[in-house]
Amino acid sequence: MEITELQAYKRLEEMFERKGYSQGIEDDMPIYCWDNVQCIPYNLTPGHYVYANNYGKIKFRDIPEEYRTREFFLHALSGVYEDIVEYVKAHPAKFDKQFFKDHIATDYYGLEFALNDFEYMPLEFIDEEMVACAMFRSVNMRYVDRRGDCDDWFYSVYRRKPEVLTQELYTLGARCFAEKRHGENKFLDITPEEYRTPEFYFALCLKNDTPVMEDIPESILTTNFLVELLNDNTENIQCFSEAALEREAPMTGRGNVKFWQAAVINDGYLIRDIPLNDERVEFFLSMYDKDSSEYEYGFKDHYKRYLREKNSTPELKNDATELAGMMTLAGALFGMENDSAIDFGTDVMNMATDRQSMLPIHYARRVPIEYSKKYDKEEYLLEIYKKIGIKVLQEADNYYYSVILPENISIVRDDYGYCIKCSNGETLIHYYDRGPFYDRTVTVDQIYATL
């Protein structure tokens with residue numbers, strides 16, 4: 001369900017229209033690039049100063065008064081620049097309520113950071129109309145379905161004038177802002193008990209990839225409530241508590257199934273959003289073969305992480321990649337251009353990767369059809385390594401295995417990557433290690449040997 005389809009949103013819109021409120025007007029003043037502030041352009045405008053200020057080319061104190069126009073402040077005012085905020089606070093006569101409405105419409109950064117507009121605008125400006133404008137803007141700027149965006153203003157209003165925050169705003173805030181991180185749901189904590197309705201909790205769960213359901217009262221978590229969440233979008237399974245995942249409900253043609261089973265039946269990719277145990281692994285594998293895209297893109301990596309946790313295997317570190325990052329930073333600090341610093345770091349990574357004792361984990365092509373139900377890509381590659389006498393010791397990092405090569409096998413570089421060759425010159429496997437350290441691809445792209 002989209003945010004604008006929520007009844008709380010529709011009620012807020014209806015109230016806004018009924019009371020004759022208006023949103024701010026977005027200012028369209030052009031912003032002109034001005035890197036060399038020592039060279040004054042003949043057509044100098046406030047837009048030049050906005051750019052120069054935002055990119056640290058000039059300080060606010062150096063901007064002449066005649067260029068400190070209303071339009072300049074609509075584009076330059078932000079909690080990032082305390083000197084501009086202090087100027088606005090010191091000159092209240094220049095910045096009326098309409099200015100703040102227009103600032104919210106022009107630049108959503110007015111709603112972000114500790115020094116957002118609501119943190120310092122005159123208290124009398126914070127009213128039903130202004131907070132509705134802020135909520136509409138928060139919804140409007142959500143070009144992707146992320147949570148936690150643009151929420152600082154809400155907490156400022158809560159601290160300074162909580163009485164203007166209504167049921168509708170808390171419900172929409174639950175949909176837009178609420179997350180549970182490190183055991184804390186900051187938004188839920190500030191929500192008054194009288195606003196914690198089933199509608200509020202439903203909005204809280206929509207497309208929420210954090211465990212917010214752990215804090216929802218059992219009286220709310222009826223079977224119908226959970227069914228409606230999955231009917232709205234099966235991705236809502238991401239926020240289900242363990243108890244909710246294990247609860248059963250009737251499913252057409254299947255009798256009673258657990259909610260995690262219903263999600264996997266409807267969309268196998270959702271397994272990546274469900275904590276694994278042996279029962280869930282077995283159920284998934286009974287439904288999706290190893291050559292399915294659900295297995296490849298939903299299950300495989302999730303299962304590897306599960307096995308590491310189950311077996312208390314330490315998380316793998318990409319030492320060569322980390323070294324490359326440090327060397328790139330060092331190069332940049334010593335004055336290298338960005339591209340040169342990245343190339344330097346990548347060269348260090350390549351020198352630090354011992355390809356005589358490591359071979360790729362990943363295989364880029366499909367498993368031959370006669371083996372596709374038995375092995376996934378990485379399992380098939382391991383079988384090939386075993387077949388040609390390579391002993392795999394362990395995963396060295398996320399890209400390579402540590403291996404022992406037999407005496408008749410060597411690794412030879414070619415124009416496109418690396419060949420694993422027999423002593424008679426026959427190429428058995430080809431692989432490549434490409435890209436800069438921050439976007440590296442290591443994979444076997446050809447297997448010439450057979451099982």
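What you are looking at is a predicted structure, and each value in this text was computed from that prediction instead of being measured.

Criteria and thresholds
Residues numbered from 1 in each chain as written. Predicted model: local features only at pLDDT ≥ 70, side-chain atom pairs only at ≥ 80, totals over all residues. Heavy atoms only, no water. Pairing = 2+ DSSP bridges. Helix = DSSP H or I, 4+ residues; strand = E, 2+ residues; numbered from the N terminus. Axes fitted to C-alpha atoms, helices over the stretch in contact; angles between N-to-C directions. Contact = heavy atoms within 4.5 Å. Parallel < 35°, antiparallel > 145°, perpendicular 65-115°, else oblique. Buried < 20%, exposed > 50% of the residue type's maximum accessible area, 1.4 Å probe, protein only. Salt bridge = Lys/Arg side-chain N within 4 Å of Asp/Glu carboxyl O. Patch = residues over 30% accessible without salt bridge, like charges linked within 9 Å, V, L, I, M, F, W, Y side chains within 5 Å. Areas by Shrake-Rupley, 256 points an atom, 1.4 Å probe, with all protein chains shown as cover.

**Comments concerning the sheet that holds strand β7 (residues 417–422)**
- With antiparallel pairing, four strands are arranged side by side in an open sheet as β6-β7-β8-β9. In this open sheet, the two edge strands, each paired with only one partner strand, are β6 (409–414) and β9 (441–447). Ignoring strand direction, the axes of neighbouring strands in this sheet form an average angle of 25 degrees.
- Both strand β8 (residues 427–434) and β9 contribute to a ladder of six bridges, which runs antiparallel. Paired with D433 across the strands is V442, a residue of β9.
- The strands touched by helix α19 (residues 377–387) within the sheet are β7, β8 and β9, with β9 carrying the most contacts at an inclination of about 65 degrees.

**Re the packing of helix α5 (residues 97–106) against helix α7 (residues 128–140)**
- Put simply, α5 and α7 touch, their axes get as near as 9 Å, and they point 10 degrees apart. The angle between the axes of α5 and α7 places the two elements in the roughly parallel class. Contacts between α5 and α7 pair K97, F100, K101, I104, A105 and T106 from the former with E129, M130, C133, A134 and R137 from the latter.

**With respect to the environment of P92**
- Residue placement: P92 occurs in the loop between α4 (82–90) and α5.
- The sequence separation of P92 and M121 amounts to 29 residues, and the corresponding C-alpha distance is 8.7 Å.

**Observations regarding helix α2 (residues 46–54)**
- Buried residues dominate α2, accounting for eight of its nine residues.
- The complete set of buried residues in α2 reads P46, G47, H48, Y49, V50, Y51, A52 and N53.
- On its buried side, α2 packs onto α3 (70–76) and α4.
- Taken from the residues just after α2, G56 is the one with a positive phi, measuring 70 degrees.

**Looking at the pattern of salt bridges**
- For the structure on display, the rule yields 33 salt bridges.
- Measuring nitrogen to oxygen at the nearest pair gives 3.4 Å for the salt bridge that ties K89 to E86. One end of the pair is K89 and the other is E86, both in helix α4 and three residues apart, which spans about a single turn.
- With a closest N to O distance of 3.0 Å, E129 and K101 form a salt bridge. Of the two residues, E129 sits in helix α7 while K101 sits in helix α5, which places them 28 residues apart along the sequence.
- Relative accessible area serves as the criterion here: at 11%, E129 is assigned to the buried category.
- The structure contains a network of salt bridges with shared partners spanning E242, E246, K258, E279 and R280.

**Comments concerning a nonpolar patch on the surface**
- A surface patch of nonpolar side chains, about 260 Å² in accessible area, is lined by V80, Y109 and F113.
- With respect to the helices and strands, the residue Y109 is situated in the loop between α5 and α6 (117–120).

**A few points about the pairing of β8**
- Among the eight residues in β8, six count as buried, and that is most of the element.
- Bridge count between β7 and β8: four bridges; the pairing is antiparallel. In the sheet register, Y418 faces β8, and the bridge partner there is Y431.
- Between β7 and the antiparallel strand that follows it, β8, lie four residues; G425 among them carries a positive phi value of about 95 degrees.

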